[in-house]
Every structure is written in structure tokens, then in C-alpha cells.
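# Remarks on the overall topology
Here is how the chains run, residue by residue.
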Amino acid sequence: MERPILGIHHVTAIATDPQRNLDFHAGLLGLRLVKRTVNFDDPGTYHFYFGDERGTPGTLLTFFPWPLAARGSRGVGQATATSFSVPADSLGYWHDRLREAGVVMEDPAERFAEELLTFLDPDGLELELVAEAAAEEVVPWESGPVPAEHSIRRIHSVTLSVDGYQATADLLTSGMGFELAGEAGNRFRFAAGSGGGGCTVDVLCVPGAPFGRVAAGSVHHVAWRVADDLAQRRWRERLVERGLDVTPILDRQYFHSIYFREPGGVLFEIATDPPGFAIDEPVAELGQHLRLPGWLEPRRERIEEVLPPIHLPDRAPR
């Protein structure tokens, strides 16, 4: 397929307390805060981007932390789980690390011949660690608080919960170029490109289940990667031809975006890989300072007054 979907670009979720969110995702999970900015549509709240050392597309979990947000609920019409890849022999380390921190988690399990560990972040967001042999080939962040040999390498997959199955499956396959890669009961796995970590989406068919409520502890949207602006324009044309209601192209400073809802109700984004997170600060300083787009710079003083103070967790390995 010309200019294909390359896999997952990022997943964006909603949190409450920004410092607690930082402590968990940058401290306990060892992800790097690669951008400290604001929600461009609501600049009175932060937008945190967590990922690998450079903020590579496919490693990114981002949050809007609204301190007064109500707790959401998982259900139909949502991405209900976000999975990360870790090296194949690392689940024991992670089980112990999360248990010692008092994290709510399930017993290790197996899915599609892969071992995984399911747990909740402080706001109830469902996350998974998947032991993946190929993760060992991904360069780790050497300076994080988790030993490099066990560190999270990238997003492995997302799980979408939908009432029906066929319309979502049809969009993923005939509409977006994914291929069916596996079935297990009511779970259907689809893969973009060569498949594997970062290119996988599971569709969980749960007819009659209650609809989810997007609020704290839930995923706001899932973003898919394309190589450049031309690819994004082509995808927008293709999706509009399918009758989907697609936004105009929006400038998100570090990538360009379009948004639409897939037939099961999950909000999708298609985001470009460039220009990346090093356009306004060097890689060595990513996440250390509040960065604002040019159109918000005149409001910096007021924005900084409104945002709650935060500090980065200690990076010392433990």
C-alpha cells in the first residue's frame, strides 16, 4: 500500500494530579518526560509526553492532567488498555517493582503466545507490560530510573472495546491497510506493516457491555503514524471518501494531526512522524522546561501562574 500506516504514534489519556502522574510514569515506569507543554485547546492544563530518550513515535504515552477531572469508566467505544513492550525476561523484575510500590495488578497471563502483566496507574488507567523478544533489539534509554536491561522500549499495542466487530474490522483492513493476525475468543488482533510491537491493535467484541465514559483514568484517543505531510493528506482524502467525518489538518507543533471516530466509537488520530520533539529544545534537555507554541508565548506569564508547580522524579536507577 502506498504511504501506509506505520503503526502506533502515541496514545493520549486523561489524568488528575500532574505530579502524581509524573511520579508514576516517569519515576516508577521509567519513561522519559520528553515534552512539558500545555493542551493547545485548553492551555490552563499541562500536556505531558512520555516516551524513549528522543520521544520516538511509537513510544509515546501522553496525558492531559486535569486536577478536578471526574473518574472515567472503561467500556464500549474506548481504547481500554495500552500495552508496552519489555524484554522477554523482564516480567519478574516488573512484577516485583510494581508490587513493592503497591500498584494494583493482576497475576501474569498469556495472550497470543506472549506473557503479559496487567496493572492500573494511580487514576485507574489500564496498562500492560508484554514480554517481547524483539523489544531487546530496541535501544533503551540508558539514563532512566529503571535499569536499561528491563526498561520499557515502546508501545506494543492497544485494545479497543466495541459493541460490534465487523465495521471496525472493515475500517482497519480495507480502510487502513491492517491485516488480521490472530483470533482468541472475542479478541481479534490486527497488524499494520510487518506487525509486532508498535504495529498491533486488538479489537475486543463485547456486545451489550456498557459504554465507557472518557474522563480521568481513560484513553482520550489513539494516534497512528504516517511518514510525512503528503501521506497524511492522502489518508485524509481516503477516509473522507469512505464517509468518515475527518477534521482539518491541525498543527500540534511536534507533528500534524487529523482526527476521526472509527465505527465503534473510538477516537482515532493520524499523526506525522516529523518534525519531532527536538525542534524547540535539545535532546539532552527534553521535558525540563515548559515549552509553548508561538501563538501562546504572549500568554506565557499567565499560563505559568495557572499551572501547578511540578518537579521531575529522581532518575537514579532502582
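The paragraphs below set out a description of the structure included in this document. Owing to the predicted nature of the structure, the values given are computational and were not obtained by experimental measurement. (Residues numbered from 1 in each chain as written. Predicted model: local features only at pLDDT ≥ 70, side-chain atom pairs only at ≥ 80, totals over all residues. Heavy atoms only, no water.)

### A few points about the pattern of salt bridges
Counting across every chain of the model gives 18 salt bridges. The partner of Arg20 in a salt bridge is Asp123, with the nearest N and O atoms 2.9 Å apart. Linking Arg20 in helix α1 (residues 18-28) with Asp123 in the loop between β7 (114-120) and β8 (126-131), this pair joins segments that are 103 residues apart in sequence. Judged by relative accessible area, which is 4%, Asp123 ranks as buried. For the salt bridge of Glu132 with Arg154, the shortest nitrogen-to-oxygen distance reads 3.2 Å. With Glu132 in the loop between β8 and β9 (154-162) and Arg154 in strand β9, this residue pair connects regions lying 22 residues apart in the sequence. Owing to a relative accessible area of 6%, Glu132 belongs among the buried residues under this scheme. For Arg154, a relative accessible area of 19% corresponds to the buried category. Put simply, Lys35, Asp280, Glu281 and Arg291 are held in one network by salt bridges that share partners. (Salt bridge = Lys/Arg side-chain N within 4 Å of Asp/Glu carboxyl O. Helix = DSSP H or I, 4+ residues; strand = E, 2+ residues; numbered from the N terminus. Buried < 20%, exposed > 50% of the residue type's maximum accessible area, 1.4 Å probe, protein only.)

### Considering the sheet that holds β7
Strand order in the open sheet formed by eight strands is β6-β7-β8-β5-β9-β12-β11-β10, and the pairing between neighbours is mixed. At either end of the open sheet lies a strand with only one pairing partner, and these are β6 (109-111) and β10 (179-184). Strand after strand, the sheet turns through a mean of 30° between neighbouring axes, direction not considered. Relative to β8, strand β5 (residues 78-86) runs parallel, the two sharing five bridges. Residue pairing for β8: Phe84 is matched across the bridge by Leu129. (Pairing = 2+ DSSP bridges. Axes fitted to C-alpha atoms, helices over the stretch in contact; angles between N-to-C directions.)

### Describing unusual backbone geometry
Here the residue pair Pro274 and Pro275 is connected by a cis peptide bond, since its omega of 10° sits within 30 degrees of zero. Assignment of secondary structure puts Pro275 in the loop between β16 (267-272) and α5 (300-306). The backbone of Phe112 shows a phi angle near 50°, a positive value even though the residue is not glycine.

### Quick look at the side chain of Glu269
Assignment of secondary structure puts Glu269 in strand β16. Buried charge without a salt bridge: Glu269, with Arg252 as the nearest opposite-charge side chain at an N-O distance of 5.6 Å. (Lys, Arg positive; Asp, Glu negative; His and termini not counted.)

### Some thoughts on the layout of surface pockets
Estimates place the volume of the largest pocket at around 240 Å³. Around the largest pocket, the lining is made up of 18 residues, and of these Asp41, His47, Phe64, Arg252 and Tyr259 lie nearest the centre. Counting only elements with at least two residues in the lining of the largest pocket, the list comes to β1 (7-15), β2 (32-39), β3 (42-51), β13 (219-226) and β16. For the lining of the largest pocket, the element with the highest residue contribution is β2, accounting for three residues. The residue makeup of the lining of the largest pocket, split by class, is eight nonpolar, seven polar and three charged. (1 Å grid on protein atoms, 1.4 Å probe; cavity = no way out; pocket = protein on both sides within 12 Å on 5 of 7 lines; lining within 4 Å. Points joined across faces, edges and corners; volume = space filled by probe spheres on them. Nonpolar A, V, L, I, M, F, W, Y, C, P; charged D, E, K, R; others polar.)

### Let's talk about the environment of Arg234
Among the structural elements, Arg234 can be located in helix α4 (residues 229-241). Look at Arg234 and you get partly exposed, because its relative accessible area is 38%. Separated by 79 residues in sequence, Arg234 and Pro313 have C-alpha atoms that sit 41 Å apart. Excluding its chain neighbours within four sequence positions, the residues that come into contact with Arg234 are Glu2 and Arg3. (Contact = heavy atoms within 4.5 Å.)

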